[in-house]
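Residues per chain, in single letters:
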Amino acid sequence: MNGYKKNKKGKPFIILAVAVAALIGLSFVPWSKLTGGYIKDFNLFSDLFGISGPVTATEQLDPELSKALAHEEAVEEPVPGDGSVTTPTSPELVKPVAASRENGDMIIEDYTANSQGVAHLRAALRQRASRPVRIAVIGDSYIEGDILTMDIREQLQDKYGGCGVGYMPVSSPLTGFRVSVSQTCKGWTEHDIRKNAKDAYKSLAGEYFTGSAGAHVSYKGVSKLRHLDGWDMTKVLCIAPAGGKITVTTDDGDHLFGLDASSDSVQCLEVKGRTTSASLSGNTSGMQLLGMYLDGNSGILVDNMSLRGNSGITHRKLSVDLAQQMRKHVDYDLIIVEYGINALSSQQKDYSGYRKLMEQTLARIKECYPASDIILLGIGDRGQKINGEVVSVPTSQNMVDAQRDAARNAGVLFWDTREAMGGEGAVMAWREKGMINPDYIHLNAKGGAELARLFVGSLMKATGE
């Protein structure tokens, strides 16, 4: 009996030891490499016991950026494809300015021609009762899962009205993570513009989808966030040169669409009417599905378009022709560009090569959406741990300076995210407040809401609201 009690008392310690050993072992698995970046590397042993080493995942530059920087002609020559891209070279046109605040709000720096600022957005807001104002937020894992974007959307819809999440991919690995919509999907293949150099379907979202037999996607509104329990119009944008049929189902039943077999242009299928859910089914050979849009009829719409690991430089190759076709159905009053995390390295001080490439990206976006206001966001503060102490990545300001120069030379607006957060050391303060994930890079929901509040305050000041 005594032996039994002794063994029983020792079991919890054995279980704990095995669990700790397993977690430490898992810390050394290259998760990011094995999963293509969907699971980040971590080092629990380091975090628990203060062992020297970086707190962030292994630094991984966008492979497309590495290729472009390795070939000088990728910076100096026009990008091949439809249309031409030229890099603006007028740094004397507008003098660079240091980040500044007004009544606590970070000023959106205006490097546009004739200092027009957000004139297009301002005009669109005056028309919001007759047609929705549309904003795109394009970026990397900093905004994936609708982080930051969903709170920008909610805060703007609070003020100006509107409903729905806007753009949605038909396939996503984040369906269980994103809280701004409920999505289920199967049978779709994603095509990423970074991996298909010769592909013609290079849209602002950076991806499109093809379906196999039985492909299906469904969306349902949510009540966790305001204005997202339903929407007024369901749109499908696709290209289907072989024709075919698609069924879109909303609250009022099935809607069968026949696709134009004589056209290789963008087709838009619309189902009007308030709904709390929508689904799409139908396998059409050769169809490229560009995305679905769950939209309101007025107020504000904010689309989230994120690609993990993207540095933004592949958007130099956006299709101008495709954008012109899509603009007939989905156009933008403001495009917010969030990149830089996947071009930042603690060892890299000179980001002039990245700056030139981003100038080309901004020039191509302007070419695709000539009537849109464009705001480039600088990177947020990022941390790293050395000898148990977390500090800001020392080259972060170098990247911000390069991004500001890119905005200035390209003639767009710039918002200093890092300075808005508090500047040097901000990431540690945000982590202490529970607003940054343990990697000291990515915002959590609480941090996204706070950064959205800061950005929307700056945007309202720029519009004069």
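Everything that follows concerns the structure shown earlier in this document.
Below: a short report on this structure. These figures come from a predicted structure and were not determined experimentally.

Quick look at the overall build of the protein now. For the protein, the count of helices and strands is 13 helices and 19 strands. When each of the 465 residues of the protein is scored for burial, the buried share is 52%. For the protein, contacts bridging at least 24 residues in sequence account for 78% of all contacts bridging at least 6.

This structure, assessed with the given rule, holds four aromatic pairs. Residues Tyr 201 and Tyr 208 carry aromatic rings whose centres are separated by 5.3 Å and whose planes lie at 70 degrees to one another, so their mutual orientation is edge-to-face. On the basis of relative accessible area, Tyr 201 is assigned to the partly exposed category, the value being 21%. In this arrangement the basic side chain of Lys 159 is found over the ring face of Tyr 160, its NZ or CZ atom lying 5.6 Å from the centre.

As defined by bridge partners, strand E7 (residues 207–220) adjoins strand E12 (residues 277–281) across five bridges and the pair is classed as antiparallel. Residue Ser 218 lies in a different strand from E12, and its bridge partner there is Ser 279. Examined bridge by bridge, strand E9 (residues 244–250) and E12 share four bridges and lie antiparallel to one another. The residue of E12 that forms the bridge with Val 248 is Leu 280.

With that settled, consider helix H9 (residues 352–368). If you check H9, its first and last C-alpha atoms are 24 Å apart, about what 17 residues at 1.5 Å a residue would give, namely 24 Å. Most of H9 sits inside the fold, with 12 of its 17 residues counted as buried. Taken residue by residue, H9 has Tyr 354, Arg 355, Leu 357, Met 358, Glu 359, Gln 360, Thr 361, Leu 362, Ala 363, Arg 364, Ile 365 and Cys 368 as its buried positions.

By the secondary structure assignment, Leu 413 is in strand E19 (residues 413–415). For Leu 413 and Asp 373, which are 40 residues apart along the polypeptide, the C-alpha to C-alpha distance reads 8.0 Å. Excluding residues within four positions of it along the chain, Leu 413 makes contact with Ile 108, Glu 109, Asp 110, Thr 112, Gly 117, Val 118, Ile 374, Ile 375, Leu 376 and Ala 407.

What follows deals with the sheet that holds strand E4 (residues 133–139). With mixed pairing, the six strands of this open sheet are ordered in space as E3-E19-E16-E15-E4-E14. A strand with exactly one partner marks an edge of an open sheet, and here the two such strands are strand E3 (109–110) and strand E14 (300–306). Looking at chain direction, strand E15 (residues 334–338) and strand E16 (residues 373–377) are connected through five bridges and run parallel. Its bridge partner being in E16, Glu 338 is matched across the sheet by Leu 377.

What follows covers the packing of helix H4 (residues 63–70) against H9. The interhelical angle for the contact between H4 and H9, taken along N-to-C directions, is 105 degrees, at an axis separation of 10 Å. Between H4 and H9, the interaxial angle falls into the category roughly perpendicular. Judged by residue contacts, Leu 65, Ala 68 and Leu 69 of H4 engage Gly 353, Tyr 354 and Leu 357 from H9. Its residues placed into classes, the contact of H4 with H9 shows five nonpolar, one polar and no charged.

Let's shift gears to H4. By the burial criterion, the buried members of H4 are Glu 64, Leu 65 and Ala 68. An end-on view of H4 places all buried positions within 100 degrees of arc, on one side of the element. Residues of H4 that are exposed and point over 90 degrees away from its buried face: Pro 63, Lys 67 and Ala 70. By the N-cap criterion, in which a side-chain oxygen at the helix start approaches the backbone nitrogen of a residue two or three places on, H4 is capped by Asp 62, the distance to Glu 64 being 3.0 Å.

Turning our eyes to something else, we now look at the pairing of strand E18 (residues 389–392). Where a strand is regular, its side chains alternate between the two sheet faces. The alternating pattern of E18 places Val 390 and Ser 392 on a buried face and Glu 389 and Val 391 on a face that is not buried. Sheet topology places strand E17 (residues 383–386) next to E18; four bridges connect them, and they run antiparallel. Bridge pairing in E18 places Lys 385 opposite Val 390. The hairpin turn running from E17 into E18, its antiparallel successor, is two residues long, and Asn 387 in that turn takes a positive phi close to 55 degrees.

Ranked by internal contacts, the top residues of the largest apolar core, which has 122 residues, are Leu 156, Ile 335, Val 337 and Trp 415. Looking at this core element by element, the count peaks at seven residues for helix H13 (residues 445–463). Trp 415 has contacts with Met 106, Ile 107, Ile 108, Ile 375, Leu 376, Leu 377, Gly 378, Ala 420, Leu 451, Leu 454, Phe 455 and Ser 458, leaving out every residue within four places of it along the chain.

So, about the side chain of Thr 234. Inspection of the secondary structure puts Thr 234 in strand E8 (residues 231–239). Among the polar contacts made by the side chain of Thr 234, one reaches the side chain of Trp 231 at a distance of 2.9 Å.

Before going further, it helps to examine the packing of helix H7 (residues 149–160) against H13. The geometry of H7 relative to H13 is characterised by a closest axis approach of 8 Å and an angle of 45 degrees between their N-to-C directions. For the element pair H7 / H13, the angle class is oblique. Crossing of H7 over H13 shows right-handed handedness. Residues Met 150, Asp 151, Ile 152, Gln 155, Leu 156, Lys 159 and Tyr 160 of H7 form the contact with H13, whose participating residues are Ala 445, Gly 448, Ala 449, Ala 452, Arg 453, Phe 455, Val 456, Leu 459, Met 460 and Thr 463. Within the contact of H7 with H13, the residues separate by chemical class into 11 nonpolar, three polar and three charged.

Okay, unusual backbone geometry next. The phi angle at Asn 103 is positive, at roughly 55 degrees, despite the residue not being glycine. Positionally, Asn 103 belongs in the loop between strand E1 (101–102) and strand E2 (105–106). Of note, Leu 148 is a non-glycine position whose phi angle comes to about 70 degrees, a positive value. By secondary structure assignment, the location of Leu 148 is in the loop between E4 and H7.

Conventions adopted
- Residues numbered from 1 in each chain as written.
- Predicted model: local features only at pLDDT ≥ 70, side-chain atom pairs only at ≥ 80, totals over all residues.
- Heavy atoms only, no water.
- Helix = DSSP H or I, 4+ residues; strand = E, 2+ residues; numbered from the N terminus.
- Buried < 20%, exposed > 50% of the residue type's maximum accessible area, 1.4 Å probe, protein only.
- Contact = heavy atoms within 4.5 Å.
- Phe/Tyr/Trp six-rings, centres within 6.5 Å; stacked < 30°, edge-to-face > 60°.
- Lys NZ or Arg CZ within 6 Å of the ring centre and 35° of its normal.
- Pairing = 2+ DSSP bridges.
- Expected span 1.5 Å × (residues − 1).
- Axes fitted to C-alpha atoms, helices over the stretch in contact; angles between N-to-C directions.
- Parallel < 35°, antiparallel > 145°, perpendicular 65-115°, else oblique.
- Nonpolar A, V, L, I, M, F, W, Y, C, P; charged D, E, K, R; others polar.
- Arc of directions from axis to C-beta.
- Polar contact = N/O pair within 3.5 Å; in protein donor to acceptor, adjacent residues only side chain to side chain.
- Core = buried A, V, L, I, M, F, W, Y, C linked by side-chain atoms within 4.5 Å.
- Left-handed = near helix turned anticlockwise from the far one by under 90°.

The analysis is restricted to geometry; functional conclusions fall outside its scope.
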